[in-house]
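Coordinate analysis (summary)
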Amino acid sequence: MKFLIVLIAVLAIAAVAFITWFFSYMADGKCPLCAMKQLRKSNLTADVSKTEDYGSDVSPLPIMGWSSWNTLRNHISEDSILETARAMKESGLAKAGYSYINIDDCWQSTFRDEDGKLQGDLESFPSGMEALCRNINGLGLKMGIYSSNGTLTCEDMPASLGNEEIDARTFASWGVEYVKYDYCHNEKISSSTPVIEYIDINRRGESSQIRLRPEHAKFSGRARKVKCADLPSKQGIGFLNHGAGSAAYTIDVPAGGEYILTIHYHKNFLHSKQYLQVIVNGRVYEVFFPAGRALTHDARAQLEVTLRNGDNHIKLCNPIATRADSVYFQYSKMGNALKEATKDWAEYTNTEEKPITFSICEWGFNKPWKWASKAGNMWRTTMDITPHWLRIKSIYNKNIKLYKYSSPGHVNDPDMLEIGNGKLNLEENISHFTLWCMMAAPLVLGNDLRKLLDGSKKSGAIIKIVTNNSLIRIDQDPLVKAAKRIKKSGGVDILARPLANGDTAVCFFNKSGKRKPIEFEIDSLANDKYLAFTKANDYEIHDLWSDERENTDVIQTVVEKHGVKVFRITAK
């Protein structure tokens with residue numbers, strides 16, 4: 001009985017607290033129901049249906065290269081990078097298609113230069129990053145660089161959140177052709193927006209020419225004119241928070257050019273960080289209102305925007321309802337900055353543009369496969385890989401389910417290859433490489449390429465695996481349609497992938513600890529619409545590891561524990 005009384009009391013207190021919050025939030029000019037959307041932390045609520053896919057012409061096929069992190073971690077230098085680049089060329093990897101030398105975290109100095117630009121570590125990269133890029137290009141290779149969508153990188157070095165434009169221009173000026181954008185030290189964009197009292201528009205140094213008042217706005221959604229909570233004599237635009245709605249204006253400007261928008265807004269005594277998007281003729285400008293303690297209720301924020309002669313359309317909104325919305329807009333901002341930077345740099349230097357492949361390393365927390373094709377070229381689907389069989393298998397188990405999100409220029413990234421690292425045995429290394437190729441994954445090596453030149457049996461085996469041309473052709477197939485798991489049976493996954501020339505790749509992956517015999521009727525592939533497989537009278541099957549070929553309509557083989565058998569099937 002006592003427990004029931006306590007429970008009722010707790011529930012009553014919670015209900016009173018919720019009702020108090022609900023009506024106080026509404027009185028502050030905000031939509032409480034819209035704020036409750038934020039409970040769906042991994043779901044994107046922003047409408048991206050009309051947003052074009054991020055450029056697919058930059059890297060239409062999964063990239064092939066090497067990343068410094070697994071081998072060098074924070075002990076990285078100009079010399080070790082150049083040694084690795086030379087090893088890529090001398091080992092035959094470059095000839096096999098590997099071309100990116102991606103420099104991961106800890107290449108940076110701990111401080112930006114006098115112009116606010118990122119710079120290489122002044123001890124470890126004495127020649128500078130632009131010179132390093134030229135040297136790597138001189139070997140016929142491409143250089144990639146790293147930053148984070150946060151206030152710091154994962155190793156607490158300077159990062160790019162809030163510095164997207166200057167960092168994108170810096171990377172473009174160096175000539176880099178790949179940017180990995182991590183997720184450490186990320187700060188969510190606020191879903192809250194203050195009451196906007198009015199907006200003045202004028203030339204720099206001039207008095208207000210145009211004033212946008214609440215009564216002049218065209219509202220959509222729940223946005224509307226509200227009274228300021230503690231100053232009811234004042235009114236403003238409210239209910240812009242959490243994607244609740246928008247306020248729009250059309251203004252006539254006699255002369256185009258740069259204008260100052262002064263946003264007059266209402267603040268309370270205690271206020272948290274808040275956010276607003278001002279969209280001018282389709283271009284998004286962001287306003288970040290600081291947290292603080294206000295002694296006065298009226299405050300202002302300023303933007304410099306470009307207006308055109310004649311009619312201009314201005315929209316006020318805050319589309320951030322969930323963390324996924326925040327992440328999407330932040331990654332989009334960096335991706336768009338990179339595209340603009342490479343074009344501007346090419347025009348400025350009168351040289352050919354070097355587009356940048358944009359890699360979203362968000363770890364799969366906010367389901368990037370559902371939105372990242374609008375923001376970048378490739379996206380991590382999981383946390384970091386390690387050279388342990390169970391970890392590789394767990395990443396595969398998640399990534400294989402995402403096959404339908406793969407397309408030219410937009411691929412799922414299950415992280416770099418661990419072949420040659422740790423204690424993976426031969427079968428596991430072969431399986432690892434095969435599965436990544438079947439899943440249309442980027443083939444980014446993470447081992448020490450310099451050791452591949454030692455002439456040892458181990459190095460020869462590693463090179464043989466990662467330069468298997470038949471598997472690379474599967475990974476680099478122009479359709480970029482990742483393999484689908486079409487059947488699971490007795491610890492064996494059966495994967496199939498349609499190929500551009502009409503062939504089909506089929507892989508048998510034995511996840512169990514015992515050898516498994518396989519008997520598979522090729523005609524059964526016609527049962528899955530994804531494969532678009534047409535039955536034939538006979539088939540040639542090509543074993544992509546043994547290089548053996550035979551004509552048959554039934555595959556009979558044995559798969560070793562933790563092993564694979566993979567075939568390319570051609571209708572005869």
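The numbers attached to residues start from 1 for each chain and follow its sequence in the written order. The predicted nature of this model means local features are confined to residues of pLDDT at least 70 and side-chain atom pairs, given and counted, to a pLDDT of 80 or more, with totals for whole chains, interfaces and linings taken over all residues. In computing side-chain properties, one takes all heavy atoms of the structure into account and sets aside hydrogens as well as water.

1. What about the overall build of the protein?
Selection rule: Where helices and strands are cited, they refer to DSSP runs of H or I of at least four residues and of E of at least two residues respectively, numbered from the N terminus. It only takes one pair of heavy atoms within 4.5 Å for two residues to be counted as in contact. Using the Shrake-Rupley algorithm and a 1.4 Å probe, accessible areas are obtained, with residue cover drawn only from the displayed protein chains. When charges are counted, Lys and Arg contribute as positive and Asp and Glu as negative, whereas His and the chain ends are disregarded. Charge coordinates come from a single atom per side chain, which is NZ of Lys, CZ of Arg, CG of Asp or CD of Glu.
Each helix and strand counted, the protein has 12 helices and 29 strands in total. For the protein, the spread of C-alpha atoms along the principal axes amounts to about 85 × 70 × 50 Å. Across the protein, contacts joining residues at least 24 apart in sequence account for 71% of those joining residues at least 6 apart. Just so you have it, the protein exposes about 26,100 Å², and 51% of that area is on carbon and sulfur atoms. For the protein, the separation between the mean place of its 72 positive charges and that of its 67 negative charges on side chains is 8 Å.

2. Section: the state of the cysteines
To be explicit about the condition: When two cysteine sulfur atoms lie within 2.5 Å, the pair is treated as a disulfide. Under the scheme applied here, a residue whose accessible area is under 20% of the maximum for its type counts as buried, over 50% as exposed, and between as partly exposed, the area being computed with a 1.4 Å probe on protein chains only.
This model, assessed by the stated rule, comprises 1 disulfide. Note that C154 is cross-linked by a disulfide to C184, the S-S spacing being 1.9 Å. Handedness of the C154-C184 disulfide follows from its S-S torsion of about 90 degrees: it is right-handed. With a gap of 30 residues between them, C154 in the loop between β3 (142-148) and α7 (164-174) and C184 in the loop between β4 (178-182) and β5 (196-202) connect regions that are remote in the sequence. Judged by relative accessible area, C154 falls into the partly exposed class, the value being 28%. Here C184 falls in the buried class, since its relative accessible area comes to 15%. C154 provides the cysteine sulfur closest to C106, a residue in no disulfide bond, and the two sulfurs are 9.6 Å apart. Here C437 stays free of any disulfide, with the sulfur of C507 as its closest cysteine sulfur at 10 Å.

3. Things to note about the sheet that holds strand β24 (residues 504-510)
Which entries qualify depends on this criterion: A pair of strands is labelled paired if DSSP reports no fewer than 2 bridges between them. A fitted line through C-alpha atoms represents every axis, and for helices the fit uses only the stretch in contact; the resulting angles, taken between N-to-C directions, go from 0 to 180 degrees.
The strand order across the open sheet built from 6 strands is β22-β23-β24-β29-β26-β27, with neighbouring strands paired in antiparallel fashion. A strand with exactly one partner marks an edge of an open sheet, and here the two such strands are β22 (484-489) and β27 (549-551). Direction aside, the axes of adjacent strands within the sheet are offset by 20 degrees on average. Pairing analysis gives 5 bridges linking β22 to strand β23 (residues 492-498), with the strands arranged antiparallel. Paired with K484 across the two strands is A496, which belongs to β23.

4. Side note on a nonpolar patch on the surface
Using the following cut-off: Patches in this entry comprise residues that are over 30% relatively accessible and not in a salt bridge; like charges within 9 Å are linked, as are nonpolar side chains (Val, Leu, Ile, Met, Phe, Trp, Tyr) within 5 Å. Throughout this description, the term salt bridge denotes a Lys or Arg side-chain nitrogen within 4 Å of a carboxyl oxygen of Asp or Glu.
On the surface, a cluster of nonpolar side chains totalling about 320 Å² of accessible area is made up of F3, L4 and L7. By secondary structure assignment, the location of F3 is in helix α1 (residues 2-27). Among the residues examined, F3 registers a relative accessible area of 65% and is labelled exposed.

5. Side note on the sheet that holds strand β17 (residues 310-317)
The strand order across the open sheet formed by 5 strands is β7-β10-β17-β13-β14, and the pairing between neighbours is antiparallel. Of all the strands in the sheet, just β7 (218-221) and β14 (283-289) have a single pairing partner and so form its edges. Sheet twist, expressed as the mean angle between neighbouring strand axes with direction ignored, is 20 degrees. Summarising the sheet, β7 and strand β10 (residues 245-253) pair through 4 bridges and their orientation is antiparallel.

6. Quick word on the packing of aromatic side chains
Stated precisely, the cut-off is as follows: Geometry of aromatic contacts follows a simple scheme: Phe, Tyr and Trp rings, the Trp one being its six-membered ring, pair when their centres are within 6.5 Å, and the pair is stacked under 30 degrees between planes, edge-to-face over 60, tilted otherwise. Geometrically, a charge over a ring is one whose NZ (Lys) or CZ (Arg) sits within 6 Å of the ring centre while staying within 35 degrees of the ring normal.
The full count for this structure, using the stated rule, is 22 aromatic pairs. Taken together, a centroid distance of 5.3 Å and an interplanar angle of 75 degrees make the contact between W363 and F365 edge-to-face. Ring pairing ties together the aromatic residues Y54, Y181, Y328, F329, Y331, F358 and W371, which thus form one cluster. It is K339 that lies over the ring of Y54; its NZ or CZ is 4.3 Å from the centre.

7. Here we look at the pattern of salt bridges
Within the structure shown, the criterion is met by 22 salt bridges. A salt bridge links K354 to E177, with the nearest nitrogen and oxygen atoms 3.7 Å apart. Separated by 177 residues along the polypeptide, K354 in the loop between α8 (323-349) and β18 (357-360) and E177 in the loop between α7 and β4 bring together distant segments of the chain. By relative accessible area, which is 30% here, K354 ends up partly exposed. Judged by its relative accessible area of 13%, E177 falls in the buried class. Between R204 and E304 there is a salt bridge, with the nearest N and O atoms lying 3.3 Å from each other. Taken as a pair, R204 in the loop between β5 and β6 (210-212) and E304 in strand β16 (residues 298-307) lie far apart in primary sequence, 100 residues in all. When its relative accessible area of 39% is taken as the criterion, E304 is described as partly exposed. Residues joined in a network through salt bridges with shared partners are E83, D448 and R450.

8. Notes on the nonpolar core
Threshold: Working definition of a nonpolar core: buried Ala, Val, Leu, Ile, Met, Phe, Trp, Tyr and Cys residues. They are joined through side-chain atoms within 4.5 Å.
Residues I81, Y98, W107, F171, F433, W436 and F508 are the most contacted members of the largest nonpolar core, which totals 121 residues. The greatest single-element share of this core, amounting to 7 residues, is contributed by α8. Residues contacting W436, with those up to four places away along its chain left out, are I385, I392, I395, Y396, P414, D415, M416, L417, A441, P442, L443 and D475. The next biggest cluster of nonpolar side chains, apart from the first, holds 30 residues, and it includes L212, I251, L276 and V305.

9. Some thoughts on the side chain of S109
Turning to its location among the elements, S109 is positioned in the loop between β2 (100-102) and α6 (129-138). For S109, the residues in contact, after removing those within four places along its chain, are Q119, G120, D121, L122, M157 and P158.

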